[in-house]
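As a plain string of letters, each chain reads:
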Amino acid sequence: MSEQIICKNAALGYEDGIVTEGLNFTVNSGDYLCILGENGSGKSTLIKALLGLKPQISGEIKWCGGFSAKDIGYLPQQTPVQRDFPASVREVVLSGCLSKMGFFPFYRAAEKKLAKDTMKQLGIESLENKCYRELSGGQQQRVLLARALCAASRMLLLDEPVTGLDPHAQTELYELVAKLNKSGISIIMVSHDIASAVKYASHILHISKKQLFFGKTSDYLNSPVGKKYIEGWGNENE
Amino acid sequence: MSELISTLQYYFSYPFVRYAMIVGLLVALCASLLGVTLVLKRFSFIGDGLSHVAFGAMAAAAVTGITDRMIIIMPVTVLSAVLLLRTGKNTKIKGDASIAMISVSALAIGYILMNVFPVSSNISADVCGSLFGSTSILNLKSGDVWLCFIMSAIVLIFFTLFYNKIFSVTFDESFSKATGINSDLYNLMIAVVTAVIIVIAMNLVGSLLISALIIFPALSAMRLFKSFKSVTICAAIISVVCAGLGIILSILLSTPVGATIVAADLAAFLVFSGISTVCARK
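Please read all numbers here as calculations on a predicted model, not as lab measurements. Sequence positions are assigned chain by chain, starting from 1 and proceeding in written order. In the order they appear in the text, chains get letters beginning with A and ligands get numbers beginning with 1. This being a predicted model, a pLDDT of at least 70 is required before a residue's local features are given, and a value of 80 or more before pairs of side-chain atoms are given or counted; all residues contribute to the totals for chains, interfaces and linings.

Going along the chain from the N terminus, every DSSP run of H or I of four or more residues is numbered as a helix, and every run of E of two or more is numbered as a strand. Looking only at helices and strands, chain B features 13 helices and zero strands. Reading the helices (α) and strands (β) of chain B from amino to carboxyl end gives α-α-α-α-α-α-α-α-α-α-α-α-α. Overall, the C-alpha framework of chain B stretches about 55 × 50 × 35 Å when taken along its three principal axes. In chain B, which comprises 282 residues, the share counted as buried stands at 47%. Taking all contacts inside chain B whose residues are at least 6 apart in sequence as the whole, residues at least 24 apart take part in 73%. Residue burial is a threshold on neighbouring C-beta atoms within 10 Å of the residue's own C-beta, all placed from the backbone, with 20 or more meaning buried, 12 or fewer meaning exposed, and counts in between meaning partly exposed. A pair of residues counts as a contact when their C-beta atoms, built from backbone coordinates, are within 7 Å of each other.

Before going further, it helps to spend a moment on the overall build of chain A. Of regular secondary structure, chain A possesses nine helices and nine strands. For chain A, the spread of C-alpha atoms along the three principal axes comes to 50 × 45 × 35 Å. Evaluated residue by residue, chain A yields a buried proportion of 38% over its 238 residues. Sequence separation of 24 or more characterises 69% of the internal contacts of chain A that already satisfy a separation of 6 or more.

Next up on the list: the environment of Ile150 of chain B. All names here are of chain B. Mapping Ile150 onto the fold places it in helix α7 (residues 142-161). With 10 C-beta atoms counted inside 10 Å, the residue Ile150 sits in the exposed group. As for Ile150 and Ser13, which are separated by 137 residues in sequence, their C-alpha atoms are 24 Å apart.

Phi at Asn9 of chain A is positive, roughly 45 degrees, even though this residue is not glycine. Mapping Asn9 of chain A onto the fold places it in strand β1 (residues 3-14). C-beta crowding within 10 Å serves as the criterion here: with 13 such atoms nearby, Asn9 of chain A is assigned to the partly exposed category. Backbone geometry places Ser254 of chain B, a non-glycine residue, at a positive phi of 50 degrees. Mapped onto the elements, Ser254 of chain B comes out in the loop between α12 (228-253) and α13 (257-281). Judged by the 7 C-beta atoms lying within 10 Å of it, Ser254 of chain B falls in the exposed class.

The subject of this paragraph is the packing of helix α5 (residues 137-151) of chain A against helix α6 (residues 167-182) of chain A. All names here are of chain A. Comment: axis = line fitted to C-alpha atoms, over the contacting stretch for helices; angle = value between 0 and 180 degrees taken between N-to-C directions. At their nearest, the axes of α5 and α6 sit 9 Å apart, and the two run at 20 degrees to each other. Classified by the angle their axes make, α5 and α6 are roughly parallel. Taken as a pair, α5 and α6 cross one another with a handedness that is right-handed. Across the interface between the two elements, Gly137, Gly138 and Gln141 from α5 touch Ala169, Glu172 and Leu173 from α6. For the contact of α5 with α6, a count of residues per class yields two nonpolar, three polar and one charged. Should an angle fall under 35 degrees it is taken as roughly parallel, and over 145 as roughly antiparallel, whereas 65 to 115 is taken as roughly perpendicular and any remaining angle as oblique. Crossing handedness follows the turn of the near helix against the far one: under a right angle anticlockwise gives a left-handed crossing, and clockwise gives a right-handed one. Residue polarity is assigned by list, with Asp, Glu, Lys and Arg as charged and Ala, Val, Leu, Ile, Met, Phe, Trp, Tyr, Cys and Pro as nonpolar; anything else, Gly included, falls into the polar class.

Residues and elements named next belong to chain A. The buried count for strand β3 (residues 32-36) comes to five of five residues, which makes it a mostly enclosed element. For two strands to be treated as a pair, DSSP must find at least two bridges joining them. Taken together, the five bridges between β3 and strand β7 (residues 186-191) define a ladder with parallel strand orientation. Within β7, the residue paired with Leu36 across the bridge is Ser191.

What follows covers the interface of chain A and chain B. Counting residues at the interface gives 21 residues for chain A, matched by 25 residues for chain B. Those elements giving two or more residues to the side of chain A that touches chain B turn out to be α2 (80-83) and α3 (89-94) of chain A. Grouping the constituent residues of the side of chain A that touches chain B by class yields 15 nonpolar, four polar and two charged.

Glancing now at the domain arrangement of chain A. All names here are of chain A. Domain extents, as shown, originate in an automatic or database domain assignment. Segmenting chain A into domains produces domain 1 (3-67 + 154-236) and domain 2 (88-152). With centres defined by C-alpha atoms, the gap from domain 1 to domain 2 works out at 25 Å. In this complex, domain 1 contributes 10 residues to the contact, which on the side of domain 2 involves seven residues. Put simply, the parts of the chain that give the side of domain 1 that touches domain 2 at least two residues each are β6 (155-159) and α6. Here the side of domain 1 that touches domain 2 gets four residues from one element, more than from any other, and that element is α6. Looking at the side of domain 1 that touches domain 2, its residues break down into seven nonpolar, one polar and two charged.

Okay, the pairing of β7 of chain A next. Residue and element names in this part refer to chain A. Counting buried residues in β7 gives six out of six residues, a clear majority hidden from the surface. Burial of the side chains of β7 extends over both faces: Ser186, Ile188 and Val190 are buried on one face and Ile187, Met189 and Ser191 on the other. Where β6 and β7 come together, five bridges link them in parallel fashion. Within β7, the residue paired with Leu157 across the bridge is Ile188. The β-α-β motif built from β6, the intervening α6 and the parallel element β7 has right-handed crossover chirality. For crossovers, right-handed means that the path from the first strand over the helix to the second runs clockwise, given strands pointing away from the viewer.

Residues and elements named next belong to chain B. For chain B, per-residue confidence averages 83 on the pLDDT scale, and 90% of positions sit at 70 or higher. As a per-residue measure, pLDDT reflects the predictor's confidence and takes values from 0 up to 100. Within chain B, the element-level pLDDT minimum falls on helix α6 (residues 123-132), averaging 70, and the maximum on α12, averaging 92. Predicted as a complex, the structure gets a pTM of 0.85 and an ipTM equal to 0.85.

A separate point is the confidence of the model for chain A. Here chain A averages 84 in pLDDT, while 97% of its residues score no lower than 70. Per-element confidence in chain A is highest for α3 of chain A, whose mean pLDDT is 92, and lowest for helix α9 (residues 224-236) of chain A, whose mean pLDDT is 69.

With that settled, consider α12 of chain B. Working rule for helices: expected span equals 1.5 Å times residues minus one. Along its 26 residues, α12 of chain B runs 36 Å from first to last C-alpha, staying within 8% of the 38 Å computed at 1.5 Å per residue. Following α12 of chain B by one or two positions, Ser254 of chain B adopts a phi angle in the positive range, close to 50 degrees.

All right, on to the environment of Lys70 of chain A then. Here Lys70 of chain A shows up in the loop between β4 (58-63) and β5 (72-75). C-beta crowding within 10 Å serves as the criterion here: with 14 such atoms nearby, Lys70 of chain A is assigned to the partly exposed category. Sequence separation between Lys70 of chain A and Tyr107 of chain A is 37 residues; the distance between their C-alpha atoms is 19 Å. Beyond its immediate sequence surroundings of up to four residues, Lys70 of chain A is in contact with Ser99 of chain A together with Gly180 of chain B.

Encoded structure:
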């Protein structure tokens with residue numbers, strides 16, 4: 001168990017104001033951290049900070065043990081542009097290797113092999129030459145997951161990955177992510193889906209303008225904030 | 001048939017016709033390569049806006065009486081490309097509105113300048129020429145051809161070297177940012193190269209019709225092909241074939257060059273759409 005990210009009393013936001021503050025949490029290798037929060041609670045700002053794209057206003061975010069923001073494989077939310085984008089699965093997965101190439105302009109044998117192996121690992125090798133826009137939502141997420149794994153193999157950061165998927169595909173994706181986590185990859189997942197969050201995650205970070213909870217999932221279930229949130233979620237879905 | 005061929009042979013014995021052909025094919029090739037990215041990034045409107053800016057810049061350059069008008073047109077258009085890209089993101093006037101504003105202003109000011117400081121006695125012919133590129137392509141000198149040749153080479157090299165990164169930035173900007181690709185820089189380069197192509201293409205098809213050269217081949221190719229590479233290659237081929245066909249037809253039928261090329265592009269688009277509809281039904 002080694003620490004990969006340490007966040008100490010960090011405040012995040014833009015020039016005109018703080019979005020969220022008082023963030024204190026640690027991600028160890030092999031952790032499965034779920035970040036919960038309402039819309040506008042600063043989740044997307046936190047993602048940018050973790051990826052090293054937006055420096056914190058105050059406090060500290062530290063990447064430890066030779067681990068850097070570049071070692072995080074990122075699975076962003078889908079954009080409208082992608083829905084009618086002509087690209088083969090192979091092209092999308094290969095583009096994850098770009099960060100390993102520096103200024104070298106073309107894919108070499110090593111990158112092609114990495115892409116192929118990752119596709120095999122996620123069970124999408126048969127889709128290699130299929131068109132991305134013609135895949136089902138679940139298959140598309142697998143492709144993007146493969147791309148993220150090509151970019152970084154130690155930690156994955158998933159931004160609401162099950163949005164728009166049917167229940168069956170959601171379960172499949174959660175199981176796949178859990179499998180990757182068991183193989184030693186740390187997972188950070190931003191989610192609305194609290195039921196799955198408490199089922200799969202080892203740790204929960206709950207934010208809303210400021211940090212409400214950070215700790216083990218079992219502790220979260222017994223905490224006042226956790227109880228309240230789960231109850232509210234249950235009522236909404238009745 | 002042999003009559004047609006001998007007519008063509010007769011025309012192609014003139015160097016200016018050969019120049020027109022070379023410039024036409026090169027411009028068509030570059031425009032189509034970039035077009036794929038621009039269409040997919042929803043940047044088609046930038047091409048349109050820039051072409052109007054180039055028109056305004058050309059009118060201003062004509063007023064100053066400089067012989068080499070590129071000195072003014074090129075920097076103004078490139079600068080506008082950079083500004084348009086900036087305004088596209090976070091300003092009070094939204095991207096599409098600001099483009100519309102800039103393009104009509106450039107058109108209006110260009111037209112005013114041309115009327116207040118007439119360069120020749122026939123103003124409407126001048127305006128028509130720069131908007132629709134009626135005859136200017138046949139006035140190219142070998143210097144213009146060389147300039148076009150060098151610019152095209154730069155565009156082609158840029159595109160080949162950064163092909164994979166352009167794909168990544170086009171497909172998913174947030175992911176490429178996260179993996180350390182400077183996507184803002186690539187967006188900027190794409191905008192600058194677009195500006196360069198538009199300025200060169202202005203001689204060929206005129207400023208009103210340039211967008212067609214950029215978007216049509218990409219749209220046609222996307223109807224049938226399903227990977228980024230095949231779309232790019234197909235767009236380049238469609239564009240070059242249509243440009244060649246358009247130039248030859250315009251010679252044989254004595255129609256305006258630019259408009260004929262665009263008509264050929266439209267025809268190709270309709271054919272590809274037809275094929276894709278038929279394939280989808282099967």
